[in-house]
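Residue-level listing of the chains:
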Amino acid sequence: MPTERPSAAPPSPDAAVPAAGAHPSLQSTEVGRQELARTLVAVESVVPALRLLVGLAIAALIILALYLGQALLIPLALACLMGFLLDPAVTRLQRWGLPRLVATLMVVALALGTIGGLGAYLGNQVADLSADLPKYQKTIRTKLRNLRTLARGPSMWEGAVRTYSTVEQEMAAPSADTGRVQQVEVVRDEDKPVLRLAQWLGKVSEPLTQAGIVLLFVILILLDRDDLRDRLLRLMGGNPHVATDAMDEAAHRIGRYLRMQCIVNVAYGVPMAAGLWLIGVPGAILWGVLAMVMRLMAS
């Protein structure tokens, strides 16, 4: 007998309801994704401007901090430079068996003596040069007149010599009504010694304070250089071994650069001073030191 197959059941209308009901939710999810993408694009377009503003704000804060702390930062920077220059000498004395404190004090005393002696000698040179300025002025005038005579005619120095001669004649000529002019001399009371001492201290107090701060920082840096380096590395964080090697290498390179700069400047100033001394220019050492300083500032 033929068997009858069961007919397929018609689809239930309730089965299609979830598919039809899920369509609005999918559409809303897609819209949300599009809105999120547009928001991210807008934020990404604003990020460079925000980074620029944050960088400018940080730079302004750093500049403000440097301006407000310049009274302390400038001596600290000078002390660091002096520490880089003097540390090899301290290390060499320490290798020879001297304690770190004794080596530091010896090197600092030697540096102070050298700077003080050179400053005193240059001060005397400046005083002598200022005292001899009238003689140099007469010599320059004579040289200009001789140059005009040798040129035999109008030259580039004609106007300068003529103007100087006219001013000199006007100053040397007596006034027509000097008999009717009564000179009045104002006599000031002599300042008391205490007042003069206070005025002198007011003028030199700031340079002496700066020099004292630099000297103190130099001694501290030379005494505890390794301890200061370790403290700075702990403050910065990171791998201490790699940072220690990098810091030592940087300090060695900076110190060698500064020492080479000093050697080059000395090799530039000494021949100049010797040449000026040989041709008879007064204050030859002063001009040689000035040439060294100018070259150091230019480099």
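Structure first, text after, so check above.
Criteria and cut-off values
Per chain, residue numbering runs from 1 following the sequence as it is written. A pLDDT threshold of at least 70 governs which residues receive local features in this predicted model, and a stricter bar of 80 or more applies before side-chain atom pairs are shown or counted, although totals over entire chains, interfaces and linings include all residues. Side-chain metrics rest on all non-hydrogen atoms present in the structure, leaving aside hydrogens and water. Cavities and pockets are defined on a 1 Å grid built over the protein atoms alone: a cavity is a set of grid points where a 1.4 Å probe fits but cannot escape, while a pocket is an open set with protein on both sides within 12 Å along at least five of seven lines, and lining residues are those with an atom within 4 Å of any such point. Grid points are joined across faces, edges and corners, and a volume is the space filled by probe spheres set on the points. Helix numbering and strand numbering both begin at the N terminus, where a helix is a DSSP run of H or I of at least 4 residues and a strand a DSSP run of E of at least 2. When residues are grouped by polarity, Ala, Val, Leu, Ile, Met, Phe, Trp, Tyr, Cys and Pro land in nonpolar, Asp, Glu, Lys and Arg in charged, and all others, Gly among them, in polar. The definition of a nonpolar core used throughout is a set of buried Ala, Val, Leu, Ile, Met, Phe, Trp, Tyr and Cys residues joined through side-chain atoms within 4.5 Å. Relative accessibility decides the category of a residue: with a 1.4 Å probe and only protein chains considered, values under 20% of the type maximum give buried, values over 50% give exposed, and everything between is partly exposed. Should any heavy atoms of two residues lie within 4.5 Å, those residues are considered in contact. Residues adjacent in sequence count toward polar contacts only when both atoms are side-chain atoms; beyond that, a polar contact is any pair of N or O atoms within 3.5 Å, and within protein one must be able to donate a hydrogen and the other to accept it. In this analysis, rings of Phe, Tyr and Trp, with Trp reduced to its six-membered ring, are considered paired at centre separations within 6.5 Å, and the interplanar angle assigns stacked below 30 degrees, edge-to-face beyond 60, and tilted for intermediate values. Consider the ring centre and the ring normal. A charge sits over the ring if Lys NZ or Arg CZ is within 6 Å of that centre and within 35 degrees of that normal.

(A) Examining the layout of surface pockets more closely. When its volume is computed, the largest pocket comes out at roughly 1200 Å³. In this structure, the largest pocket is lined by 27 residues; those nearest its centre are Met82, Leu85, Ile115, Cys262 and Leu296. Those elements giving two or more residues to the lining of the largest pocket turn out to be helix 2 (70-95), helix 3 (100-131), helix 8 (240-278) and helix 9 (284-298). The element best represented in the lining of the largest pocket is helix 3, accounting for eight residues. Within this model, the second largest pocket holds a volume of roughly 960 Å³. Listed by contribution, the elements that provide at least two residues to the lining of the second largest pocket are helix 2, helix 6 (193-223), helix 7 (225-236) and helix 8. Among the elements that make up the lining of the second largest pocket, the one with the highest residue count is helix 2 (10 residues). Of the residues in the lining of the second largest pocket, the class split is 16 nonpolar, five polar and 11 charged.

(B) Looking closely at the nonpolar core. Membership of the largest hydrophobic core comes to 13 residues, with the highest contact counts inside it found for Ala79, Leu86, Val90, Val107, Val218 and Leu222. Of all the secondary-structure elements, those providing two or more residues to this core are helix 2, helix 3 and helix 6. The residues touching Ala79, leaving out its near neighbours within four places in the chain, are Val214, Phe217, Val218 and Ile221.

(C) Geometry of the environment of Glu249. Of note, Glu249 is situated in helix 8. Side-chain polar atoms of Glu249 contact the side chain of Arg253, separated by 2.9 Å.

(D) Examining the packing of aromatic side chains more closely. Per the stated rule, a full pass over the model turns up zero aromatic pairs. The ring centre of Tyr268 lies 5.9 Å from the NZ or CZ of Arg295, which sits over that ring.

(E) Expanded view of the side chain of Gln125. Within the fold, Gln125 resides in helix 3. Not counting residues up to four positions away in its chain, the partners in contact with Gln125 are Gly283, Ala284 and Leu286.

(F) Representation of the environment of Leu76. With respect to the helices and strands, Leu76 occurs in helix 2. Among the residues examined, Leu76 registers a relative accessible area of 33% and is labelled partly exposed. Sequence spacing of Leu76 and Val218 is 142 residues, and the spatial spacing of their C-alpha atoms is 8.4 Å.

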